[in-house]
Amino acid sequence: MSSFVVALDVGGTSMKGGLVTRSGEVLRTDRRATPRDEGPAAVVGTIRSFIDDLAAAGGGTPAGVGLAVPGLVTADAALYSANIGWRDVPAADFVPLDVPVMLGHDVRTGGLAESVLGAGREVSDFLFLPIGTGIAGAVIVDGEPYGGAAGWGGEIGHIPVFPGGETCACGQIGCLETYASASAVGRRYSARTASPATAEQVAALTVSGDPVAAEVWDDAVEALSLALATYTLLLDPSVIVLGGGLAEAGPLLSDPLADRLRKRLTFRAAPPLRPAALGVNAGMLGAALLGWRAAGAPDAGATWSLDVLKSPRVA
Ligand SMILES: [Zn+2]
């Protein structure tokens, strides 16, 4: 068996690739633009050539390939992505002939990495919640991401939290994402002040005592506390792992959120909130785990250490 797998985390604007050994050493990472404007066939072609180039850099045919992709996905096919525009692409279309491959949903694959070697390593049931441009969650049950009957599981960003609230881009009313995504925080502040702002700037303004920023921030915390109370009561997680851009705010987000979640739950303890451990590498590392599963080494990740991320060879 070859000594490495090719791992790819495919996003709407760029894709991050890596070569990862069975012992978890990241030999190489690289990044390439996702040619979304050129159509789905161009994206598939770019993924295919990126995999070929990474494999060549590793010195031969990989033991397996793991791919984290957005949208609806099974282990064997990318079924649908509104973002990329593809439908029913078989996994085999992404890889050279006879190389074993496994696909995973982007957020769930990041959650798998947090489960095996990150912030969820010591527990078996948790929520991985990256809060960025949008909000999606990875429901981790018994150490594995759970996608539900058809792959729609984990869409916590579109849980209605404020009935009669603002309309979401998805068409529903009062979704969590409409109030608490990083882009929503910036957008809602800008709408009130007519001055453009990012979530990071709204966080800084909140700290400096800006009342409008504080109100927008408070709405985000309130929306998150409602959604997380629902999640906690339904699935009883050991921890909730916060990631993505908004979690960069640290205690400004997690302190009031933990406080409100605790007050909301009366008959049970609130799960602790914990920052994600793998950052932007979660998807690529999760894809590497999928690659080793495809190669017939499902336990490869058991010995991996977070030190791989500190390796000087990681770009
Ligand atoms: Zn929505």
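Residues numbered from 1 in each chain as written. Predicted model: local features only at pLDDT ≥ 70, side-chain atom pairs only at ≥ 80, totals over all residues. Heavy atoms only, no water.

## Looking at the overall build of the protein chain
For the protein chain, the helix and strand inventory stands at nine helices and 13 strands. For the protein chain, whose C-alpha radius of gyration is 20 Å, the value lies close to the compact-globule estimate of 20 Å for 315 residues. Structurally, the protein chain occupies a C-alpha span of about 60 × 40 × 40 Å along its principal axes. Per-residue burial over the protein chain gives 50% buried out of 315 residues. Partitioning the contacts of the protein chain with sequence separation of at least 6, the portion at a separation of at least 24 is 61%. For the protein chain, the computed accessible surface area is about 13,500 Å², with 55% contributed by carbon and sulfur atoms. Charge centroids of the protein chain, computed over 22 positive and 32 negative side chains, lie 2 Å from each other. (Helix = DSSP H or I, 4+ residues; strand = E, 2+ residues; numbered from the N terminus. Rg over C-alpha atoms; globule rule 2.2 N^0.38 Å. Buried < 20%, exposed > 50% of the residue type's maximum accessible area, 1.4 Å probe, protein only. Contact = heavy atoms within 4.5 Å. Areas by Shrake-Rupley, 256 points an atom, 1.4 Å probe, with all protein chains shown as cover. Lys, Arg positive; Asp, Glu negative; His and termini not counted. Charge placed at Lys NZ, Arg CZ, Asp CG, Glu CD.)

## Points about the packing of helix 5 (residues 199-207) against helix 6 (residues 211-235)
The N-to-C vectors of helix 5 and helix 6 enclose an angle of 115°; their axes lie 8 Å apart at closest approach. For helix 5 against helix 6, the interelement crossing comes out left-handed. Of the residues in helix 6, those in contact with Ala199, Val202, Ala203, Leu205 and Thr206 of helix 5 are Ala213, Ala214, Val216 and Trp217. Of the residues that constitute the contact of helix 5 with helix 6, the class distribution is eight nonpolar, one polar and no charged. (Axes fitted to C-alpha atoms, helices over the stretch in contact; angles between N-to-C directions. Left-handed = near helix turned anticlockwise from the far one by under 90°. Nonpolar A, V, L, I, M, F, W, Y, C, P; charged D, E, K, R; others polar.)

## Re unusual backbone geometry
Even without glycine at this site, Asp142 takes up a positive phi of about 55°. The exposed category is assigned to Asp142, whose relative accessible area is 62%. Of note in this structure, Asp236 is not a glycine but carries a positive phi near 50°. Here Asp236 is to be found in the loop between helix 6 and strand 12 (239-243).

## Quick word on the coordination of the zinc ion
All of the protein donors around the zinc ion are His158 (ND1), Cys168 (SG), Cys170 (SG) and Cys175 (SG); their distances to the metal are 2.0 to 2.4 Å. For the zinc ion, the four donor atoms are set out with angles of 103 to 122° between them, so the coordination reads as tetrahedral. (Donors = N, O, S within 2.8 Å, 3.2 Å for Na, K, Ca; no water. Tetrahedral: all angles 85-135°; square planar, octahedral: opposite > 155°, others 65-115°.)

## Side note on helix 9 (residues 282-294)
Helix length check: helix 9, at 13 residues, gives a terminal C-alpha distance of 18 Å against a target of 18 Å (1.5 Å per residue), a fit within 8%. Counted residue by residue, helix 9 has twelve buried out of 13 residues, so it is predominantly covered. Those residues of helix 9 not exposed but buried are Ala282, Gly283, Met284, Leu285, Gly286, Ala287, Ala288, Leu289, Leu290, Gly291, Trp292 and Ala294. One or two positions beyond helix 9, positive phi appears at Gly296, with a value near 90°. (Expected span 1.5 Å × (residues − 1).)

## Details of empty space enclosed by the protein
According to the stated counting rule, one finds one cavity of 30 Å³ or more in the structure shown. Space inside the largest cavity adds up to approximately 30 Å³. The class makeup of the residues in the lining of the largest cavity is one nonpolar, five polar and two charged. (1 Å grid on protein atoms, 1.4 Å probe; cavity = no way out; pocket = protein on both sides within 12 Å on 5 of 7 lines; lining within 4 Å. Points joined across faces, edges and corners; volume = space filled by probe spheres on them.)

## Focus: the layout of surface pockets
Approximately 250 Å³ is the volume attributed to the second largest pocket. What lines the second largest pocket is a set of 15 residues, and nearest its centre among them are Leu103, Gly104, His105, Arg108 and Leu290. At four residues, the largest contribution of residues to the lining of the second largest pocket is made by strand 8 (residues 101-105). Tallied by class, residues from the lining of the second largest pocket come to seven nonpolar, five polar and three charged.

These values are about where atoms sit, not about what they do.
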